[in-house]
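Overview (structure and organization)
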Amino acid sequence: MKISHVLSTRQFADPSILQRLFELSLEMEKNVVNEKLFPVLNGKVMATLFYEPSTRTRFSFESAMNRLGGRVISTEAAGHFSSVTKGETLEDTIRIAGNYADVIVLRHFEKGSAEKAASVSRVPVINAGDGPGEHPTQALLDMYTIWREHGRMDKLNVILMGDLLYGRTVHSLIQLLSIFPQNTLTLVSPPTLKMPESYTQILREKNISYTETDTLPQDLSSVDVLYVTRVQKERFADENEYLRMKNCCNVDETILSRLAPNTIIMHPLPRVGEISPAIDADPRAAYFRQAGNGLFVRMALLELLFQKRSLEQKTLVMGEKGFW
Amino acid sequence: MKISHVLSTRQFADPSILQRLFELSLEMEKNVVNEKLFPVLNGKVMATLFYEPSTRTRFSFESAMNRLGGRVISTEAAGHFSSVTKGETLEDTIRIAGNYADVIVLRHFEKGSAEKAASVSRVPVINAGDGPGEHPTQALLDMYTIWREHGRMDKLNVILMGDLLYGRTVHSLIQLLSIFPQNTLTLVSPPTLKMPESYTQILREKNISYTETDTLPQDLSSVDVLYVTRVQKERFADENEYLRMKNCCNVDETILSRLAPNTIIMHPLPRVGEISPAIDADPRAAYFRQAGNGLFVRMALLELLFQKRSLEQKTLVMGEKGFW
Amino acid sequence: MKISHVLSTRQFADPSILQRLFELSLEMEKNVVNEKLFPVLNGKVMATLFYEPSTRTRFSFESAMNRLGGRVISTEAAGHFSSVTKGETLEDTIRIAGNYADVIVLRHFEKGSAEKAASVSRVPVINAGDGPGEHPTQALLDMYTIWREHGRMDKLNVILMGDLLYGRTVHSLIQLLSIFPQNTLTLVSPPTLKMPESYTQILREKNISYTETDTLPQDLSSVDVLYVTRVQKERFADENEYLRMKNCCNVDETILSRLAPNTIIMHPLPRVGEISPAIDADPRAAYFRQAGNGLFVRMALLELLFQKRSLEQKTLVMGEKGFW
């Protein structure tokens, strides 16, 4: 299993790749929980280049690198990178950052920016979200959580609920769930926030059984995963419409009582009312464990990226062009 | 001596606790001064979550963690934490940060925020200032400075001077000085910035002798500590009133000449004219040493927080709920 | 070779000092390229205090420190340092930062700020740019690039082209090139952006042959170094004048075809059109290697600063004034 960059969920849409990645992630989890040092990236430097703030994602990557013994150089305001304000292209910024760091974690507001960065980078690039584009490590930690809590990625009864139109995480999850047999999906959303046709088409192509609805089904006793997303206020022109919509898709103690004991409730967080804090203490509330899993999956990806890189001795000759 | 969190000066208002903490702080000071490596927190990660900037405090904590071999993930603009702007509660932010870090240093503008954070956190929380609330590590470094320079915490003749109404540091210092016998306090402030009644009451309850005045006493020959605070312009409606007030409480060469050779002059810094730079070179000017002591006390606190945490082996079982 | 601070290019304007520094830089380059750990600054802490953003420079220093095993505490917005907004002087800020860090990297908008900082600092200060003043590490990495690629610093035919009036890097380069014999300079700039008299005077004093012109010479076959700088739009009152000027000094495939095989093209970056990306892949395009060289030179400087510092055992006595 060789990865040069982490750019898209599609790179990982393969059962055996996911299996290997998650086994390594579980190893990482064991090391962290047991406080076992695992400094395999000692001497390596990661640059986190964030053009829009996302402290959660940044912290998760930086903690992963540090727990592997690596070091981090970081900016949470790359847009104010003085060279950017002077008109430097992303390509030039990446080329230069690649002189100082051994891996670049890029968060950018523009779709396709991660691929553009990777195309010129001499070091691995990890896409930590490229605007309306992808956020592959989020997709992987979601899938890891399902595997970690249920022990399998097939034969699952999954409900995706909330904003299915703009919710980037549920789109990615559909791509990953559809590569395993016998999964069943229920897509619950307000009519104006339905799953885009391009994603339901994937389900049909892969023969994944699915239902679309605007209310949560009555019988929840066989649900394995209830994945809730945030309905963003800014999607609605009218405040009242927002409030009515939002309430379609919230989880509270009443809904909890209808779920089976082994159902897990997931949410990419932050939540703003979709899930009542009253259910946080219930073991089925998996969303904080889910966020924590981001650490292990990112540790695993970092290790994989560096395994690939060769360590052969290089000879420098004065007067010759430098290696960089 | 076990501490789970560092939230309030009150946790440390006990002579034997202070004594033990300061002995450990002195050990840390020796290690730093002699450039002795002491990487007891190797593999641990600290998150500094600052909702308002305070580079001095942040640097001090981050240096402490690094000098103990630990690692740091940091934000100096947690208010722009994208999830916060999306309406996430402090409790959720803390739960998630606690998945990535082994200890959280929180600076927040809201009184009580540190206790709120600690109530949901799976890792230790250190209060690095909660607005008008507390700043316990500042109080501890102030008291450490007195102990370090005088060798005792009792039988001290202490002057607190400046803004005693809003000055958070002098309030904390009163709490710590009053647990030791035979200390004497002189409270010097403009009439409108007097020490609040709730703090002078502590002094009366503990039988600490004190005087309140609006001018520095003539006889300064027996003063052990002259603690000066900044009089903030924004406390005054009228510029002239500010200037008149401010001048009541400044320290210059004339006042220095009236102090005994072993008096120490303290100030929480930053200063803006209260203390003339002309006296910086005098050995009695202790304010920069005082700031430096923050490093040693914070190192000691960090070590104590981690001593408490158990290191027992944990077994992960697939399909079971995760530990986090 | 002892250095206490890195403040000015003038400190290094000596052939034997440059030679030793660059040999050490080359050692650093070998270690990095061969992924050899070299943790000589283990246990040391660097503070990067940036009053204006420059992520490129900051990343380069922070990577250097990390690759030497040291640790970094960092602010990219020191102007928002709350104590600065409260009116603290730079001197006080430096004194306090020097309590937490073993070396301070200062970027400030005010000329002379680095010297001011060094005058009160108990730890080494590195000038990472003081506004219209100096940026000595940039000058050193430029000169290192010439030495690294040509194997010598004398007998060079060098063209400096672009904004020679405001371009800080070309001014520094003149100082360093003029200490070596038999270098020849061609200064190409729009008439309004000519090299200041104070710098051409250095060339005359050192008997360095030079020519001033507003167009690139026809015969480029013997050029060793073509150093291009950015012509900043904000220097011109009139947009059209800017466009006409800018075009005088750009490098594209046509110009490349006229250069000898061993010419190197340098640029301090960021570029905004002065150099066409179409020539990036040509081995003569040295500007990204040049940026990368900043890492090695900064590693060498850091090691030199710490070599100087003594490590003798110090005895702490309670009740005595602290060391700091």
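Residues numbered from 1 in each chain as written. Chains lettered and ligands numbered in written order. Predicted model: local features only at pLDDT ≥ 70, side-chain atom pairs only at ≥ 80, totals over all residues. Heavy atoms only, no water.

**Considering the sheet that holds strand S5 (residues 157–161) of chain A**
Residues and elements named next belong to chain A. Selection criterion: A pair of strands is labelled paired if DSSP reports no fewer than 2 bridges between them. Only DSSP runs of H or I covering at least 4 residues are called helices, and only runs of E covering at least 2 are called strands; the numbering of each starts at the N terminus. Interaxial angles span 0 to 180 degrees and are taken between N-to-C directions of axes, which are lines fitted to C-alpha atoms, for helices over the stretch in contact. Whether two residues are in contact is decided by their heavy atoms, any of which lying within 4.5 Å being enough.
The strand order across the open sheet built from five strands is S7-S6-S5-S8-S9, with neighbouring strands paired in parallel fashion. The sheet terminates laterally at strand S7 (209–213) and strand S9 (264–266), the two strands that pair on one side only. Across this sheet, the average inter-strand angle for adjacent strands is 15°, counted without regard to direction. Pairing analysis gives five bridges linking strand S6 (residues 184–188) to S7, with the strands arranged parallel. Counterpart to Thr186 in the pairing with S7 is Thr211. Strand contacts of helix H6 (residues 136–150): strand S8 (225–228) and S9, with the helix running at about 170° to S9, the strand carrying the most contacts. Along the sheet face, helix H7 (residues 168–177) touches S5, S6 and S8 and points at about 160° away from the line of S5.

**Points about the pattern of salt bridges**
Stated formally: Salt-bridge detection follows one rule: a side-chain nitrogen of Lys or Arg within 4 Å of a carboxyl oxygen of Asp or Glu. Burial classes: relative accessible area under 20% of the type maximum marks a residue as buried, over 50% as exposed, and values in between as partly exposed (1.4 Å probe, protein chains only).
Per the stated rule, a full pass over the model turns up 51 salt bridges over all chains. For the salt bridge of Arg271 of chain A with Asp280 of chain A, the shortest nitrogen-to-oxygen distance reads 2.8 Å. For Asp280 of chain A, a relative accessible area of 16% corresponds to the buried category. Its salt-bridge partner being Asp92 of chain B, residue Arg271 of chain A comes within 2.6 Å of it at the nearest N-O pair. Pair noted here: Arg271 of chain A is in the loop between S9 and helix H11 (287–307) and Asp92 of chain B is in helix H4 (residues 90–100), and the two residues belong to different chains. In this structure, a network of salt bridges that share partners links the residues Asp92 and Arg95 of chain A together with Arg271 and Asp280 of chain C.

**Digging into the relation of the copies chain A and chain C**
As a reminder, the rule being used: Residues reaching a pLDDT of at least 70 in both copies supply the C-alpha atoms on which the copies are superposed by least squares.
Superposing chain A onto chain C takes a rotation of 120° combined with a translation of 0.0 Å along the rotation axis, leaving an RMSD of 0.0 Å. Overall, the copies show the geometry of a three-fold rotation axis. Interface residue correspondence from chain A to chain C reaches only 5%, placing this contact among heterologous pairings that use different surfaces.

**Here we look at the pairing of S6 of chain A**
All names here are of chain A. We count it as follows: Consider the strands pointing away from the viewer: the crossover is right-handed when the path from the first strand over the helix to the second runs clockwise.
For S6, a buried count of four out of five residues is recorded, marking the element as mostly surrounded by other parts of the structure. Here S5 pairs with S6 via five bridges, running parallel. Within the sheet, the bridge partner assigned to Asn157 lies in S6 and is Thr184. Handedness of the S5-H7-S6 crossover: right-handed. Once you follow S6 into helix H8 (residues 197–205) and on to S7, the crossover reads as right-handed.

**Examining helix H7 (residues 168–177) of chain B**
All names here are of chain B. Where burial is concerned, most of H7 is hidden: nine out of the ten residues are buried. All buried positions along H7 are accounted for by Thr169, Val170, His171, Ser172, Leu173, Ile174, Gln175, Leu176 and Leu177. Those residues of H7 that are buried are in contact with helix H1 (15–33), helix H6 (136–150), strand S5 (157–161), strand S6 (184–188), helix H8 (197–205) and strand S8 (225–228).

**Section: the domain arrangement of chain A**
Residues and elements named next belong to chain A. For the record, the criterion: Domain start and end points were adopted from an automatic or database domain assignment. Two parts placed together each lose some accessible area under a 1.4 Å probe, and the buried area is that loss summed for both.
Domain assignment breaks chain A into domain 1 (9–134 + 293–305) and domain 2 (136–289). For the pairing of domain 1 and domain 2, the buried interface totals around 2200 Å² over both sides, and the portion due to carbon and sulfur atoms is 65%. Looking only at domain 1, the three residues that lose the most surface to domain 2 are Thr9, Phe22 and Asn293, adding up to 30% of its buried area. Seen at the junction of domain 1 and domain 2, the total is one salt bridge. Residue Arg148 is joined to Glu29 by a salt bridge in which the shortest nitrogen-to-oxygen separation is 2.8 Å. When residues of the side of domain 1 that touches domain 2 are traced back to their parent elements, those giving at least two are helix H1 (15–33), helix H2 (55–67), strand S4 (125–130) and H11.

**Focus: the packing of H1 of chain B against H6 of chain B**
Residue and element names in this part refer to chain B. Rule in force here: Orientation labels follow simple angle bins: below 35 degrees gives roughly parallel, above 145 gives roughly antiparallel, 65 to 115 gives roughly perpendicular, and whatever is left gives oblique. The classification used treats Ala, Val, Leu, Ile, Met, Phe, Trp, Tyr, Cys and Pro as nonpolar, Asp, Glu, Lys and Arg as charged, and all other residues, Gly among them, as polar.
For the pair H1 and H6, the least separation of the axes is 10 Å and the interaxial angle reads 80°. The angle between H1 and H6 places the two elements in the roughly perpendicular class. The residues of H6 that touch H1, namely those facing Leu18, Gln19, Leu21, Phe22, Glu23, Ser25, Leu26 and Glu29, are Leu140, Met143, Tyr144, Trp147 and Arg148. Taken together, the residues of the contact of H1 with H6 break down into eight nonpolar, two polar and three charged.

**Section: the pairing of S5 of chain A**
Residues and elements named next belong to chain A. Extensive coverage of S5 is indicated by the burial of five of its five residues. Every second residue of S5 is oriented toward a common face, with Asn157, Ile159 and Met161 on one face and Val158 and Leu160 on the other, all of them buried. In the sheet, S5 pairs with S8 via four bridges, with the strands oriented parallel. Following the sheet pairing, Ile159 is matched in S8 by Leu226.

**Side note on the environment of Ala47 of chain A**
Note that Ala47 of chain A resides in strand S1 (residues 45–50). For Ala47 of chain A, a relative accessible area of 0% puts it in the buried group. Not counting residues up to four positions away in its chain, the partners in contact with Ala47 of chain A are Ile73, Ala101, Val103, Ile104 and Val105 of chain A together with Phe59 of chain C.

**Focus on helix H9 (residues 239–247) of chain A**
Residue and element names in this part refer to chain A. In plain terms, the rule: Think of it as the arc spanned by the lines of direction from the helix axis to the C-beta atoms.
Taken residue by residue, H9 has Tyr242, Met245 and Lys246 as its buried positions. Taken down its axis, H9 places every buried residue within 95° of arc, on the same side. With respect to the buried face of H9, the exposed residues turned more than 90 degrees away are Asn240, Arg244 and Asn247.

**Let's talk about the environment of Pro190 of chain B**
All names here are of chain B. Assignment of secondary structure puts Pro190 in the loop between S6 and H8. Spatially, the C-alpha atom of Pro190 lies 9.7 Å from that of Asn247, the residues being 57 residues apart in sequence. Leave out the neighbours within four places in its chain, and Pro190 touches Gly162, Met245, Cys248 and Cys249.

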